Structure formats: C-alpha cells, structure tokens
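Remarks on the overall topology
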Amino acid sequence: MSAEFVLKTIKEKQIEWVDFRFVDLSGRAHHITLPAKEVDEDTFVNGVAFDGSSIPGFRGIEESDMVMMPDHGSVFVDPFTAHPTLNVFCDIYTPDGERYERDPRSIAVRAEEYLKQSGVGTAAFFAPESEFFIFDDVRFESGMNKTFYSVDSEEAVWNTGRSEEGGNLGYKVPVKGGYVPVAPTDKQQDIRSEMCRLLEEAGLRVERHHHEVATAGQAEINFRFDTLLKTADNLMVYKYIVHNTAAQFGKTATFMPKPLFGDNGSGMHVHQSIFKGDTPLFYEKGAYANLSEIALNYIGGILYHAPALIAFTNPSTNSFKRLVPGFEAPVNLVYSKGNRSAAVRIPVAAVTPKGCRIEFRTPDSTANPYLAFSAMLMAGLDGIKNKIDPVKLGYGPFDKNIYELSDEEKATIRSVPGSLDEALNALESDHEFLTQGGVFTKAFIDNFVELKRAEARAVAVRVHPYEFGLYYDL
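Numbering of residues starts from 1 in each chain and follows the order in which that chain's sequence is written. Note on the predicted model: pLDDT of at least 70 is required for a residue's local features to be given, and 80 or more for side-chain atom pairs to be given and counted; whole-chain, interface and lining totals, by contrast, use all residues. Based on all heavy atoms of the structure, the side-chain values leave hydrogens and waters out of the count.

Within an unreviewed UniProt entry, the label attached to the protein chain reads Glutamine synthetase, and the organism entered is Paenibacillus mellifer. UniProt positions are given in the numbering used here, feature names are shortened, and annotations may be inferred rather than shown by experiment. Under Catalytic activity (unreviewed entry), UniProt gives the following word-for-word description of the protein chain: "L-glutamate + NH4(+) + ATP = L-glutamine + ADP + phosphate + H(+)".

Turning next to the overall build of the protein chain. Check the secondary structure of the protein chain and you find 14 helices and 17 strands. Only C-alpha atoms enter the radius of gyration; for comparison, a globular chain is expected to reach 2.2 Å times N to the power 0.38, where N is the number of residues. Its C-alpha radius of gyration of 23 Å places the protein chain within 12% of the 23 Å reference for a compact globule of 474 residues. By principal-axis analysis of the C-alpha atoms, the protein chain measures approximately 65 × 60 × 50 Å. Throughout, a residue-residue contact means that at least one pair of heavy atoms, one from each residue, lies within 4.5 Å. Restricting the contact set of the protein chain to residue pairs at least 6 apart, pairs at least 24 apart contribute 67%. Positive charges come from Lys and Arg, negative ones from Asp and Glu, while His and the chain ends are left out of the count. A charge is said to be at NZ when it belongs to Lys, at CZ for Arg, at CG for Asp and at CD for Glu. For the protein chain, the separation between the mean place of its 48 positive charges and that of its 66 negative charges on side chains is 4 Å. Here a strand is any run of E in DSSP of at least two residues, a helix any run of H or I of at least four, and the numbering for each starts at the N terminus.

This paragraph deals with the UniProt feature "binding site: ATP" (unreviewed entry) in the protein chain. Residues annotated in UniProt with the feature "binding site: ATP" (unreviewed entry) correspond here to Glu207, Phe223, Arg224, Phe225, His271, Gln272, Ser273, Arg340 and Lys354. Position of His271 among the secondary structure elements: in strand 13 (residues 268-276). Ignoring any residue separated from it by four or fewer positions in sequence, one finds His271 in contact with Phe125, Phe126, Ala127, Glu129, Pro347, Arg357, Ile358 and Glu359. Here a polar contact means two N or O atoms within 3.5 Å. Within protein one must be a hydrogen donor candidate and the other an acceptor candidate, and residues neighboring in sequence count only if both atoms are side-chain atoms. Separated by 2.6 Å, the side chains of His271 and Glu129 make a polar contact. Secondary-structure assignment places Gln272 in strand 13. Only protein chains enter the area calculation, which uses a 1.4 Å probe; residues under 20% of their type maximum are buried, those over 50% are exposed, and those in between are partly exposed. A relative accessible area of 1% places Gln272 in the buried class. In terms of polar contacts, Gln272 uses its side chain to reach the side chain of Tyr298, at 2.7 Å.

Before going further, it helps to spend a moment on the sheet that holds strand 3 (residues 48-51). Here we have five strands laid out as an open sheet, ordered 2-1-5-4-3, and mixed in their pairing. The two strands at the open ends of the sheet, each matched to only one other strand, are strand 2 (29-35) and strand 3. For this sheet, the mean inter-axis angle between neighbouring strands, taken without regard to orientation, is 40 degrees. Judged from the five bridges that link them, strand 1 (residues 17-23) and strand 5 (residues 85-93) form a sheet pairing that is parallel. Residue pairing for strand 5: Trp17 is matched across the bridge by Thr85. One bridge is not enough; two strands pair if DSSP finds at least two bridges between them. Axis definition: a line fitted to C-alpha atoms, over the contacting stretch in the case of helices. Angles run 0 to 180 degrees between N-to-C directions.

The following block contains the structure:
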C-alpha cells in the first residue's frame, strides 16, 4: 500500500478526517486529527508534529518537538466516528529525521530486521489470544481517606439474589463456570459478534469468539496470526474496537489481568513461530510434539530469560494478582505439549507443519505489544544462537498437572517473579539478549524500568482496604 493508495482511499470513501496515531511506552494509543483536505503526499514525507514532553516516558520539555511519520500500510476506517475518519498508525521521529529510540513501534521494526540479519529466518509470526471482561458498571476511587473499587455485571454470580432487575431471571455464571456456555447464561453473544464484524471491516481476520472461564462477562476473540509488527498493530485495533463496541452497548470492557478476586484472570497467550521464506522452522515430524531443534532452542531462550522477559510481557502490578498458583495461571517455567499449567505449551491438535508453533501463556494485555513481541523474539533468537537446551536445563518436557505435584516435586520447578519489582530486578540483571543488533538500547531499558518502578511505588504506598480488617483493632 502506498501513500497514493491512501489518498485515493480518502477520496473514494469520502473521508473527512485523518487520525494519526502513535503508542506510548505503556501501550496506550494517542492521536492527532487533521482535516482530510489538509493531507497530501507531503504529509507522508514531512509527518505530523506533536509535543513529546506530554507523553509519560518520552522527552523532556527542553526537547519536546517530535514528528509522527504515517505508515501508509496500517490504515483502517474508524467505525465509531460520526464523521468519516481514516486512522493511520505512525512511527516517531526526532526533528532531525532520526527514528526515536523510545518509540515502541520502531523497536518492533528493528526486531524484525535483526531476525533477517541473524540468518535464522525471514519472518516471525505472532498470534495473541487476548482475553477481557465486559462489565455493566465500574467505579473506583483512591484518596487520602477513602479507597475502593466496585465492578458489576448482569452475568455475575454475586447477583443471584439481586431484585433490581424487575424479577431476577437467573442464569448467572458460576465462579470458574463461564467456559463456553450457551445463551441465556452467555448474555454477550451479540456484543462479541458485533466486535468481530467491526474487526473484519478493519482488516483483521477473525477466527472465533467465545465466553471465557470467569464469571461477570469474561470473553475472548481470536484473530489470525501475522508478522510481528502487523500483529502488534492488529492488537491495538482489536483493543480499540473492543473498548468502543462495549461502550456503544452501554457497557465497559477492560483488559486488566485481574479485576476480580477469586476467579480466573485475563491473559494473553501468545502463539509464535519463525519461517524462512515459505519453510516453517519449528516443525520436525516424529520429534516430541513435532518440534524441531530450532523450536526447542527458541523455547529454551524464552524460559531461560523469562524472569526478565516478564517485565515487558506482564508490566503491571495487577499482572501479579493473576500470576499466582491455581486459576490456570501459567507460573511454572516449563514446557509441555497440551499442558495448560506450563508457561510454554505446544498445541498438538489439528496442527500442520506450517501451523506448528509454541504458545507462551504467561503474558497479559497490559503489555505494550510492540515491546512484548519484540522481547519474546529476542529471547527466542538468543536461545537459537546459544543453543539453549530446555531439556538439559530442566525445563521439561513436563506433561503432568503441575498443580497436583507434591511440594517436593514443585520445589524443582522455576516460577515466574512474584511481583513487578522482582521482574524489573531481573530485567536489570539480564538484558543483553535484548540489546543485540541495537533492537533495544540500554537507555531505553533504564527508562522503562524507571517508569514502571514509579507505578509499583505508587501502588505500594497506598493504604489497602483489606488492611483495615487485618490491623484496625490491634
């Protein structure tokens, strides 16, 4: 797709506004909108200026001028605006024409370039399974003398006795009882189907949707795999459409990993593989789970570097409310075919050579996809480069249910970090694999750690409501 094609699309679809978007370090999208009549070929050469000092983790006020350079291959028509609007993802540049090294999208570009330069393969493919909750109401407050949160859903198990419905109709979803029930227990079929329709219109290929395990409206929509950068763009489109479709239905959607205590959280299982031209590199017929040596080394890199990797794949304090034993949480750093208690699972049902892949189950959707996918690829490539053997390191294969092992057996299995601070500590001690080929820079990593430590401190110093029950009467 060229700039000329985009301008033709603007004319043919009678676009009135063009929305230029970029993504910050935390994975939030930001935008500036121009009248379509002001967008021409020069816009794709000169870009759109913005103030980088107003974006957390970017530049100081003394060097705030930055430029969004539109990627004409990443456009889609916004389905929510009253006036026809074309959305365009952008890369960030400095005023002197250099790519900004803290731009998450540019890191994804460098990761793809590094893969090709390594000689291992020509393309890495990613497919995230990003889960979310749909609530009817969400309220929260954190002040000097009061802190609380409250969420509600017509599906929630805690509403079995509610009378405000004008006669309670029942059909609530039990705790851990929400996996693929039909209507009327599943009350969100039409919402998810509308989300899928809009995703298809935006260019994503939807594979399926369903209700997930937890009560209170947990959902999942799967879309087709693509290359690293394109999948990261697609995930940003996915979250935008999920959030706004829910709002149109008078509801609210969240990708927060653990909004409910005592039930399953929302993860983002990430399927990944490497090809060289048209040849899949992860398949070897007859081997364990039909995995090639390259695939095993890739798994070895993921599991060896996992404590540091998790700083990018699970970069919120709330992430570690999900990463606890039980609730299908993949906290165990082992691999297995089909075993969902392992951090790395190898799907084996109905898999072709080209479909052979590994699934890293630990991540969640608070991750910035450009950073998380790039970090996973770099860990896997480091495993291939250094021939990290997961079998020799005791990472598996592990085909038992880990949650049913004895304490003695569990003691031999490495686990994920127990907090965001622990993950950041691991990243500080193990980041050389990320800086290979200049994909990540040490300065970027230091800045990211500083940003995330500030979040962790902000949560740690605040009074928790549960503490009143523990200590108030002492």
